[in-house]
Amino acid sequence: MNITDIVTAVIIVGVTGLIFGCLLAFASIIFEIKSDERETKILEVLPGANCGACGYAGCSAYASAIVKDNAPINACSVGKDAVAKKIGKIMGVKAGAVEPMVARVMCGGDCSIAVNKYEYEGIHDCLAASKLAGGPKACPNGCLGFGNCVIACPFDAISIENGIAVVNEEKCQACGICVKKCPKQIIKLVPKKNMYTVLCSNREKGALTNKYCSAGCIGCKMCEKVCSVGAIKVKDNFAVIDYDLCINCGECAEKCPKKVIVKRDI
C-alpha cells in the first residue's frame, strides 16, 4: 500500500464522518423536543426533597406534570403555601391554600402497656420482624418500634420512645415516606389543625384487645354516641375519626373509657 492509498482512505473516512455529523446535527434540529422554561423555574422553587408526597416520582416529575398535564400546583406538602404561590406566579394562576398535614402514629402501645408474645432476637428491622408471626407484639396492629420510619424520615422528625414511634410535629413535613415504610400501616397523614387522634389500630374484638394492650380501643362506641357531628365511627372494632367533620370539641376523648383518644397540641 502506497502513500496515495493511505491519504485517500483518510480523506474518505473524514468526509464520511463529516457527512454523518452534519446529518445528525440536522436531525437534532428537526426532531428537537423543546423544553418549557417553566419546568426549570418550577423545579428551582420546589424544595428538592423528592419525597413523592405530591403523588409523583420526584420534584422533576412533579414540575413536568404541572406544565404538561395541568397537575395541581398546591400538591407539595413540604413547600406548603409559599411554594404554591411561587408556582402559581410562574404558571400565571392563583394558588389555592395548602392544607398543612402531619404524620401521626396510630398506636399508643408502648413497652409499659403492650404485651409481647415472644422475645425477638432477629435484626433490628420492622419489616423483618413482621415476617415472623407478625412480630413480637401480641397486638397484630401495634407499632413494632424498630425504627424503619426513623431511618427513612429525611427531616429527623420521628424517634422511638419506650418502644413506639413518636412524631415531632414541628419537624414533620408530611412527606409521607414514613407512611410507606411502616409494614403495619399504622402511620397516617392527617390535617395538622385536627387535635384529636385515636392511638389504636387494633381490629380485634374488645375482649381480645384487652389481653394485648391495656390502652387499646375496645370498640365500645361511647365516642360515636357522644359525638354531636358524627365525626367518629367504630369500624373494624376500633374508632376512626373523619377529619373533614371533626370540630375539635373533645367530647369523644372525654368519654373514651380506655383513654385511647388523645389531644395533640397544635
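Scoring rules and cut-offs
- Residues numbered from 1 in each chain as written.
- Predicted model: local features only at pLDDT ≥ 70, side-chain atom pairs only at ≥ 80, totals over all residues.
- Heavy atoms only, no water.
- Helix = DSSP H or I, 4+ residues; strand = E, 2+ residues; numbered from the N terminus.
- Rg over C-alpha atoms; globule rule 2.2 N^0.38 Å.
- Buried < 20%, exposed > 50% of the residue type's maximum accessible area, 1.4 Å probe, protein only.
- Contact = heavy atoms within 4.5 Å.
- Areas by Shrake-Rupley, 256 points an atom, 1.4 Å probe, with all protein chains shown as cover.
- Lys, Arg positive; Asp, Glu negative; His and termini not counted.
- Charge placed at Lys NZ, Arg CZ, Asp CG, Glu CD.
- Domains from an automatic or database assignment.
- Buried area = accessible area lost by both parts, 1.4 Å probe.
- Salt bridge = Lys/Arg side-chain N within 4 Å of Asp/Glu carboxyl O.
- Polar contact = N/O pair within 3.5 Å; in protein donor to acceptor, adjacent residues only side chain to side chain.
- Nonpolar A, V, L, I, M, F, W, Y, C, P; charged D, E, K, R; others polar.
- Pairing = 2+ DSSP bridges.
- Phe/Tyr/Trp six-rings, centres within 6.5 Å; stacked < 30°, edge-to-face > 60°.

### Topic: the overall build of the protein chain
Here is step 1 of the chain: Summing up its helical and strand segments, the protein chain has 10 helices and eight strands in all.
Here is step 2 of the chain: Whereas a compact globule of 266 residues would reach a radius of gyration of roughly 18 Å, the protein chain reaches 28 Å, over 25% beyond that.
Here is step 3 of the chain: Seen through its principal axes, the protein chain has C-alpha atoms that stretch 100 × 50 × 30 Å.
Here is step 4 of the chain: Burial analysis of the protein chain (266 residues in total) assigns 40% to the buried set.
Here is step 5 of the chain: The contacts of the protein chain with a sequence gap of at least 6 include a subset with a gap of at least 24, amounting to 57%.
Here is step 6 of the chain: Of the roughly 15300 Å² that the protein chain leaves accessible, carbon and sulfur atoms contribute 58%.
Here is step 7 of the chain: Put simply, the protein chain has 32 plus and 25 minus side-chain charges, and the middle of one group is 7 Å from the middle of the other.

### Focus on the domain arrangement of the protein chain
Here is step 1 of the chain: With domains assigned, the protein chain is organised as domain 1 (37-91) and domain 2 (101-263).
Here is step 2 of the chain: A separation of 31 Å is found between the C-alpha centroids of domain 1 and domain 2.
Here is step 3 of the chain: The interface is formed by seven residues belonging to domain 1 together with six residues belonging to domain 2.
Here is step 4 of the chain: Taken together, the two surfaces of domain 1 and domain 2 that pack against each other cover about 490 Å², and 52% of this comes from carbon and sulfur.
Here is step 5 of the chain: Considering only the surface of domain 1 that becomes buried against domain 2, Cys51, Ser77 and Val78 emerge as the three largest contributors, covering 63% of it.
Here is step 6 of the chain: Counting across the domain 1 and domain 2 interface gives zero salt bridges.
Here is step 7 of the chain: There are two residue pairs in polar contact (both at pLDDT 80 or more) connecting domain 1 and domain 2.
Here is step 8 of the chain: Here the residues of the side of domain 1 that touches domain 2 are counted per class, giving four nonpolar, two polar and one charged.

### Examining the pattern of salt bridges
Here is step 1 of the chain: Under the criterion given, the structure shown has six salt bridges.
Here is step 2 of the chain: The salt bridge involving Lys171 is made with Asp156; its shortest N-O contact spans 3.5 Å. Residue Lys171 is found in the loop between strand 3 (164-167) and helix 7 (177-181), and its partner Asp156 is found in the loop between helix 6 (148-152) and strand 2 (158-161); the two are separated by 15 residues along the sequence.
Here is step 3 of the chain: Judged by relative accessible area, which is 38%, Lys171 ranks as partly exposed.
Here is step 4 of the chain: With a relative accessible area of 53%, Asp156 lands in the exposed category.

### Notes on the pairing of strand 7 (residues 238-241)
Here is step 1 of the chain: In this structure, strand 6 (residues 232-235) lies alongside strand 7, joined through four bridges in antiparallel fashion. Following the sheet pairing, Val234 is matched in strand 7 by Ala239.
Here is step 2 of the chain: The loop that links strand 6 with its antiparallel partner strand 7 comprises two residues; one of these, Asp236, has a positive phi angle of about 55 degrees.

### Some thoughts on the packing of aromatic side chains
Here is step 1 of the chain: Scanning all chains against the criterion turns up two aromatic pairs.
Here is step 2 of the chain: On the numbers, 5.2 Å between centres and 50 degrees between planes, the contact of Tyr120 with Phe146 is tilted. With Tyr120 in the loop between strand 1 (101-105) and helix 5 (126-130) and Phe146 in the loop between helix 5 and helix 6, this residue pair connects regions lying 26 residues apart in the sequence. Like Tyr120, the residue Phe146 is buried in the burial classification.

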